[in-house]
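Overview (structure and organization)
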Amino acid sequence: MYPFTYTRADSVAKAAEALAADGDAKLLAGGQTLLPAMKLRLNAPSQLIDLSRLAELRGIGVGAGDVTIGATTPHADVAAHAEIARSIAGLHELAGQIGDPAVRHKGTIGGSIANNDPAADYPAACLGLGATIVTNKREISADDFFKGLFETALGDGEIIVKVRFPKPAASGYAKFRNPASRFALVGVFVARTGAGARVAVTGAGSGGVFRWKEAEAALSSNWSEGAVAGLKASPAGLNSDIHADAEYRAHLIGVMTKRAVAAAK
Ligand SMILES: Cc1cc2nc3c(=O)[nH]c(=O)nc-3n(C[C@H](O)[C@H](O)[C@H](O)COP(=O)(O)OP(=O)(O)OC[C@H]3O[C@@H](n4cnc5c(N)ncnc54)[C@H](O)[C@@H]3O)c2cc1C
């Protein structure tokens, strides 16, 4: 390792102050991405500002029409939450499929979406449900938040505080996972909302998570597996790597969309 300073923040405001004072500092949440990246020397912050013990960032709140998840809430808490299982079934399913138990107990929703790995699961839930990302400075709609590979709308010194998910009429998630890492080769989140269907795809796009508009139109007029049975996603702009080529990922998008609709409740 190389030397760096460790700071345990005792409030979001103090964390923001420390971040503003040191341009090479990084926030630390569950450390499931940042620490391996540091060990590989892909990231070399001068300071780690630890958010993980801030009570104000952790926890799940349930409102009449939405569920709010604090940024440092680990995936395991989301997967175990009875009201999320009842009212946002796709989110419950998704959280329980992230990595393995160790990753689910340390990794956090804020860290996951700030990192915006193109194969991560939570970006699909945020985009598929039309979530709102609340930071220490503003509110950002999921449609405006995910900007590309590992890129988000977060500015310098901006800290995710919580994510607000509207409760849909129905939602589902289906993932074809990489058997080694458990990240998505392709994951599809579907939601039936008052404003029509939303379909978000992770793991496939060369620019990260995206909405599949053709499937949204088909499901908005007929919410059923049959409505998407004949649809084919285009391989243009999809990833090709040692795990799967673009054609195969395009095929998986169709299959996972049907499975997500079948599982939706
Ligand atoms: C073996 C393994 C398997 C995995 N499998 C999956 C999988 O199947 N699906 C999946 O989606 N993920 C998977 N992950 C990733 C995991 O889910 C973590 O959620 C993810 O690594 C980031 O969360 P974290 O809390 O660990 O963030 P950290 O590693 O602590 O931080 C990640 C980044 O986010 C920034 N950050 C953290 N919190 C905030 C905040 N509140 N505001 C602004 N920026 C912030 C940090 O500065 C850093 O840049 C896996 C990880 C491992 C190690």
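Quick look at the structure, then.

The rules behind each value
Residues numbered from 1 in each chain as written. Predicted model: local features only at pLDDT ≥ 70, side-chain atom pairs only at ≥ 80, totals over all residues. Buried ≥ 20, exposed ≤ 12 C-beta atoms within 10 Å, placed from the backbone. Helix = DSSP H or I, 4+ residues; strand = E, 2+ residues; numbered from the N terminus. Pairing = 2+ DSSP bridges. Contact = placed C-beta atoms within 7 Å. Axes fitted to C-alpha atoms, helices over the stretch in contact; angles between N-to-C directions.

1. Examining the pairing of strand β13 (residues 196-202)
With six of its seven residues buried, β13 lies for the most part within the structure. Sheet topology places strand β12 (residues 184-193) next to β13; seven bridges connect them, and they run antiparallel. When the sheet's bridge partners are listed, V190 is paired in β13 with V199. Count of turn residues in the β12/β13 antiparallel hairpin: two residues.

2. Section: the sheet that holds strand β11 (residues 170-177)
Pairing within the open sheet is antiparallel, and its four strands lie in the order β11-β12-β13-β14. In this open sheet, the two strands that pair with only one neighbour each are β11 and β14 (210-211). Where helix α10 (residues 213-221) meets the sheet, its contacts fall on β12, β13 and β14, and the angle it forms with β13 comes to roughly 150°. Strands in contact with helix α12 (residues 246-263) are β11, β12 and β13; relative to β12, the strand with the most contacts, it is inclined by about 40°.

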